[in-house]
Amino acid sequence: MQQIGKNTLNNESMMNFVGRVEDRERAKKAISDEIGVIYAEAKAANLSVPGLRGVVKARKLKPSQFRESEDLRDVYFHAAGLLDEP
């Protein structure tokens, strides 16, 4: 039996990690596809997909982060002439 040191590649162990990553990648792809279907359903219901994406993104933020991002957006919109007051 071959002695395996700490710097020796253990094929079985490595392939275990590779398999786990591949499983998660497949699961991630399946979830991504499901999310796409949900957005397609929302579009078919005459909802704005970019609007929904914005709400999903905003809900991930803490209230203080959300206010800060909204304030910064208003400043930029004002600078671009899209808002009267920041």
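The shown structure was predicted, so the numbers you read here are calculated from the model rather than taken from an experiment. (Residues numbered from 1 in each chain as written. Predicted model: local features only at pLDDT ≥ 70, side-chain atom pairs only at ≥ 80, totals over all residues. Heavy atoms only, no water.)

(A) The overall build of the protein, seen in detail. Each helix and strand in the protein was counted, giving 3 helices and 0 strands. When its helices and strands are written in sequence order, the protein yields α-α-α. Counting across all 86 residues of the protein, residues that qualify as buried make up 6%. By element, 57% of the accessible surface of the protein is carried by carbon and sulfur atoms, the whole surface being about 8000 Å². (Helix = DSSP H or I, 4+ residues; strand = E, 2+ residues; numbered from the N terminus. Buried < 20%, exposed > 50% of the residue type's maximum accessible area, 1.4 Å probe, protein only. Areas by Shrake-Rupley, 256 points an atom, 1.4 Å probe, with all protein chains shown as cover.)

(B) Region of interest: helix α3 (residues 63–79). In this model α3 runs 24 Å from its N-terminal to its C-terminal C-alpha over 17 residues, within 8% of the 24 Å that 1.5 Å per residue would give. Positive phi shows up at G81, right after α3, with a value of about 80°. (Expected span 1.5 Å × (residues − 1).)

(C) Structural detail: the pattern of salt bridges. Tallying each qualifying case throughout the model produces 5 salt bridges. For the salt bridge of D23 with R26, the shortest nitrogen-to-oxygen distance reads 2.5 Å. One end of the pair, D23, and the other, R26, are both in helix α1 (residues 11–44), 3 residues apart, so they sit about a helical turn from each other. Here E70 ties to R73 by a salt bridge, and the two come within 3.5 Å at their closest N and O atoms. Within this pair, E70 and its partner R73 are both found in helix α3, separated by 3 residues, close to a single helical turn. Residue E70 is classed as partly exposed on the basis of its relative accessible area of 26%. (Salt bridge = Lys/Arg side-chain N within 4 Å of Asp/Glu carboxyl O.)

(D) Structural view of unusual backbone geometry. You will see that N46, though not glycine, has its phi angle at about 65°, which is positive. Tracing the backbone shows N46 in the loop between α1 and α2 (49–59). When its relative accessible area of 72% is taken as the criterion, N46 is described as exposed.

(E) Looking closely at the packing of α1 against α2. Where α1 contacts α2, the two axes come as close as 9 Å, and the packing angle between them is 130°. On the basis of their axis angle, the class for α1 and α2 is oblique. Remark: the crossing between α1 and α2 carries right-handed chirality. Counting all contacts with α1, which are made through Y39, A42 and K43, the residues of α2 involved are V49, L52, R53 and V56. Split by residue class, the contact of α1 with α2 holds 5 nonpolar, no polar and 2 charged. (Axes fitted to C-alpha atoms, helices over the stretch in contact; angles between N-to-C directions. Parallel < 35°, antiparallel > 145°, perpendicular 65-115°, else oblique. Left-handed = near helix turned anticlockwise from the far one by under 90°. Contact = heavy atoms within 4.5 Å. Nonpolar A, V, L, I, M, F, W, Y, C, P; charged D, E, K, R; others polar.)

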